[in-house]
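So you can see what is in the structure, the chains are spelled out below.
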Amino acid sequence: MLFLILALYAILVILFIITAFFIVYHLSKYSLNSSLNKIMLPIFIILSALLLLSNVLLFFSINWNSLLRNLPVSF
């Protein structure tokens, strides 16, 4: 059961990273103001990386074994 949770979380992280790459591509390619683009892209990349890092740290701080042991359904 723990491997299923880790696999689903890995899929979500990969989808977040792919979505961030699409956003960075479209911000850089279709930006109306190129001088504003130099400010927007680093801010977006840094904030996205910080959000991803905090999410991963919080996910792995959960004690999944004790949480899964307390489920009423056994797997």
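Keep in mind that what you see is a predicted model, and the values were worked out from it rather than measured. (Residues numbered from 1 in each chain as written. Predicted model: local features only at pLDDT ≥ 70, side-chain atom pairs only at ≥ 80, totals over all residues. Heavy atoms only, no water.)

A. Here's a closer look at the packing of aromatic side chains. A complete count under the given rule lists five aromatic pairs for this structure. Ring centres of Tyr-25 and Tyr-30 lie 6.4 Å apart, and the angle between their planes is 90°; this geometry places the pair in the edge-to-face category. With a relative accessible area of 40%, Tyr-25 lands in the partly exposed category. With a centroid separation of 5.2 Å and 85° between ring planes, the pair formed by Phe-59 and Phe-60 is classed as edge-to-face. According to the relative accessible area criterion, Phe-59 is buried, its value standing at 9%. A relative accessible area of 55% places Phe-60 in the exposed class. In this structure an aromatic cluster arises from ring pairing among Tyr-9, Phe-59, Phe-60 and Trp-64. (Phe/Tyr/Trp six-rings, centres within 6.5 Å; stacked < 30°, edge-to-face > 60°. Buried < 20%, exposed > 50% of the residue type's maximum accessible area, 1.4 Å probe, protein only.)

B. Region of interest: the nonpolar core. By size, the foremost hydrophobic cluster in this structure holds six residues: Ile-5, Tyr-9, Val-13, Leu-52, Phe-59 and Trp-64. For this core, the secondary structure elements donating two or more residues are α1 (2–29) and α2 (34–61). Here this core takes three residues from α1, the largest share from any one element. In this structure Leu-52 touches Val-13, Phe-16 and Ile-17, once residues within four positions along its chain are discounted. (Core = buried A, V, L, I, M, F, W, Y, C linked by side-chain atoms within 4.5 Å. Helix = DSSP H or I, 4+ residues; strand = E, 2+ residues; numbered from the N terminus. Contact = heavy atoms within 4.5 Å.)

Geometry only, nothing functional implied.
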